[in-house]
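Chain by chain, the residues run as shown.
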Amino acid sequence: MTSKKALFILPLFLLAPGLLFANDKIPPPEKLGLVVLGNNARQAGLAPVVFDHWLHRATFTCRLCHIDIGFAMQAGETGIRASLNSQGYYCGACHDGEKRFGGKTIFAACEEEGESSAGKQCNRCHSQGKEDAREIRFQDVAGKLPRTTGNSIDWEKAEADGLVKPVDFLEGVSQKRDSLQLQADFSIEAQTSWASDVIFSHKKHAVWNGCEVCHPAIYASTKAGTVKYSMFQIYEGESCGVCHSKVAFSLFICDKCHKNKVQ
Amino acid sequence: MKKSLFFTLFLLLLTGLALAQTGLKKRRPLPHEYGRVELNNFSEKAGRAPVVFDHWLHRAKFTCRLCHVDIGFAMQAGSTGIAAADNERGYYCGACHNGRTSFAACSTKDQPATGTCDRCHSAGKKVTRHYDFRAFTEKLPRGRFGNGIDWEQAEAEGSITPVDFLAGVSIKREALTPQKDFDLTAKVAGMPEIIFSHQKHTVWNGCELCHPEIFLGVKKGKTQYSMTEIYEGKYCGVCHSSVAFPLIDCQRCHIKPVR
Amino acid sequence: MPRPSASFSTALLLFCLLLRPLPLPAVEELKAEFDAVCGKTHNALNLSAAEINELIGRCDALKPRLEKLGPERGTERKVFLQRLKMCREFYAFALSTKEENCP
């Protein structure tokens, strides 16, 4: 092979593994949105945190945590530390041992070394390898919720039917703001002849995300047609792929978005 | 051969751009970190830690204009190239940090044992700040993002009174007559229009901080701003992504109901 | 000890003055001119086009004088050239604003 060809092919090889591993299948419903955070846990002698989105998204909007509390959208990027939690940031915004939710006091996040071994509380989050310590199980939450393709939870329907009522305001953290009028649903023309156009609903997205989860960080322009999307980029975790497949329903459920009949 | 090299570089560039665009994947700064700037033009070469400058403390006390126009600090971190010698002559940090108005900036000569170097040259050091963010900002009106402080409100209600004149540096000027507020039509149907207030901006910035460097066209509608460009740090994005309230605070600008 | 003559003292004084890198009053004079020229930016829109043009002319005259400041006046050169640039550009901006709004 000439070096010319090699130079051309090399980048493709570099990109290929990412594409292959990114979304190879629809994960089992309890594993969708599973995030393992080990930034500082190992250093402190604790097991990495296993965070399941299903538990928190059944009670809170995406916006509340990713905007008002400020968790980054990339696992491990926030750099959560015990000291920050105890100052009321990140997990500590709710997990302070005082705030109440659903008639119960929310357990406190781990404190800095020394006091961390007091009781089993640590295991509730620092639970990698000791899943038995979990107090709330997937079935407890998901049992009554509607399902969609691949047995995934249909969160959209669950919210619309009132089976989940995600909280969007946290006293002391969130700030009241004027609501914005929502843009009407619009369609995005598919770039191939064999796929239906995408119908995008602002309404369905804003319930969970407000404006700020997506604009301007993920979609800087709000003008329809300004940005061209490619499924490749989306698979790589850009645009829709920031959430879809990772936490929101999988990209492999094509007809959830591509639902406008080809003319 | 040359072509393929070019192509490879182009691909890498594209990948880089794609990564750069998803800002929310990155961690958002905490309230006390918002507006933080690290300066290392000469520090490490001189054997000192880089300077950590937090905008919140200085903007609570001074207008943006005082430092960025009268003292002459550039709007891009690191491009002023502040040297100890400049400070000693009474410019840049040394305009105030001269041992009289405020503690003295580091000197090129041996630093006396006052320990003031660490107050600015603090990157990577465990320095207990003289001003604690929480204590300092406790009574200021809350804002949704950025420093978690509504600076505009703080100034309007008199919780802070930023100084706009520095004797020996600023020029005595007549009071400014601000231009009228105006609205900018949003490009997206249904999106509330933007009300731009010159009044609110001139309190902090005067005229020449924004014109013509950041906003060249004055005739309404002449310059077309796109959120994409603003998000890339142009126009409003020069300040409203780094120091002033950030761009995710949509309703702070898009406030006028569409007629 | 014989007292040096008056003419010698004067010559010495003159020589010393020439030796100094740039006499302080000269820098002060440049600063004073800068203040006089650039102190009107906030009201530039209330000035007539002729007045703004005159200020721009004074900016342009001041620039080469600042550029001539030697390395020992490097800080002043850097700071005031930057401040002058902002000031001159703003006057030019104000002028074009006036022309656009009242042609």
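Just so you know, these numbers come straight off a predicted model, no measurement behind them. (Residues numbered from 1 in each chain as written. Chains lettered and ligands numbered in written order. Predicted model: local features only at pLDDT ≥ 70, side-chain atom pairs only at ≥ 80, totals over all residues. Heavy atoms only, no water.)

A. Spatial organisation of helix H8 (residues 202-209) of chain A. All names here are of chain A. Of all the positions in H8, only His202, Ala206, Trp208 and Asn209 are classed as buried. Buried residues of H8, seen end-on, are gathered within an arc of 165 degrees and therefore sit on one face of the element. Close packing links the buried residues of H8 with helix H2 (53-57), helix H3 (62-69), helix H7 (155-160), strand E5 (186-188) and strand E6 (197-200). Residue Ser201 occupies the N-cap position of H8, its side-chain oxygen lying 3.3 Å from the main-chain nitrogen of Lys203. (Buried < 20%, exposed > 50% of the residue type's maximum accessible area, 1.4 Å probe, protein only. Helix = DSSP H or I, 4+ residues; strand = E, 2+ residues; numbered from the N terminus. Arc of directions from axis to C-beta. Contact = heavy atoms within 4.5 Å. Polar contact = N/O pair within 3.5 Å; in protein donor to acceptor, adjacent residues only side chain to side chain.)

B. View of the pattern of salt bridges. Taken as a whole and assessed by the stated rule, the structure comprises 33 salt bridges over all chains. Sharing partners across several salt bridges, the network here consists of Arg63, Asp68, Asp168, Arg177 and Glu212 of chain A together with Arg144 and Asp249 of chain B. (Salt bridge = Lys/Arg side-chain N within 4 Å of Asp/Glu carboxyl O.)

C. Representation of the sheet that holds E5 of chain A. Residues and elements named next belong to chain A. Strand order in the open sheet formed by three strands is E5-E6-E7, and the pairing between neighbours is antiparallel. At either end of the open sheet lies a strand with only one pairing partner, and these are E5 and strand E7 (258-260). For this sheet, the mean angle separating the axes of adjacent strands, direction not counted, is 60 degrees. Relative to E7, E6 runs antiparallel, the two sharing two bridges. The partner of Asp197 across the bridge, within E7, is Asn260. (Pairing = 2+ DSSP bridges. Axes fitted to C-alpha atoms, helices over the stretch in contact; angles between N-to-C directions.)

D. Layout of the environment of Thr128 of chain B. Residues and elements named next belong to chain B. When you line up the elements, Thr128 lands in the loop between helix H5 (117-120) and helix H6 (133-137). The exposed category is assigned to Thr128, whose relative accessible area is 74%. Sequence separation of Thr128 and Asp118 is ten residues, and the distance between their C-alpha atoms is 9.5 Å.

E. The arrangement of the side chain of His66 of chain A in detail. Looking at where His66 of chain A falls in the secondary structure, it is placed in helix H3. Judged by relative accessible area, His66 of chain A falls into the buried class, the value being 14%. Apart from the residues lying within four places of it in its own chain, the contact partners of His66 of chain A are His53, Phe71, Ala72 and Met73 of chain A together with Arg28 of chain B.

F. Here's a closer look at the environment of Glu76 of chain C. On the secondary structure map, Glu76 of chain C appears in helix H4 (residues 74-101). With relative accessibility at 5%, the residue Glu76 of chain C sits in the buried group. Along the backbone, Glu76 of chain C and Leu66 of chain C are ten residues apart, and their C-alpha atoms lie at a distance of 8.1 Å. Excluding anything up to four places from it in sequence, Glu76 of chain C contacts Arg89 and Tyr91 of chain B together with Val27, Lys31, Leu69 and Leu81 of chain C. Only 3.4 Å separates the side chain of Glu76 of chain C from the side chain of Tyr91 of chain B, close enough to count as a polar contact.

G. Just unusual backbone geometry, in detail. Here the bond from His215 of chain A into Pro216 of chain A is cis, since omega is 0 degrees, no more than 30 degrees from zero. Structurally, Pro216 of chain A can be placed in the loop between H8 and helix H9 (231-235). Look at the link from His211 of chain B to Pro212 of chain B: it is a cis peptide, with omega at -5 degrees. The topology assignment puts Pro212 of chain B in the loop between helix H8 (198-205) and helix H9 (227-231). Within the chain, Tyr92 of chain B stands out as a residue other than glycine whose phi angle is a positive 50 degrees. Mapping Tyr92 of chain B onto the fold places it in the loop between helix H4 (84-88) and H5. For Tyr235 of chain B, which is not glycine, the phi torsion reads 50 degrees and is therefore positive. Relative to the helices and strands, Tyr235 of chain B is located in the loop between H9 and strand E5 (254-256).

H. How the structure looks around the sheet that holds strand E3 (residues 182-184) of chain B. All names here are of chain B. On the basis of which strands lie adjacent, the open sheet formed by three strands has the order E3-E4-E5 and antiparallel pairing. This sheet does not close on itself; its edge strands, each paired only once, are E3 and E5. Pairwise comparison of adjacent strand axes, ignoring direction, gives a mean angle of 60 degrees for this sheet. In terms of strand pairing, E3 meets strand E4 (residues 193-196) through three bridges, oriented antiparallel. Considered in E4, the bridge of Asp183 is made with Ile195.

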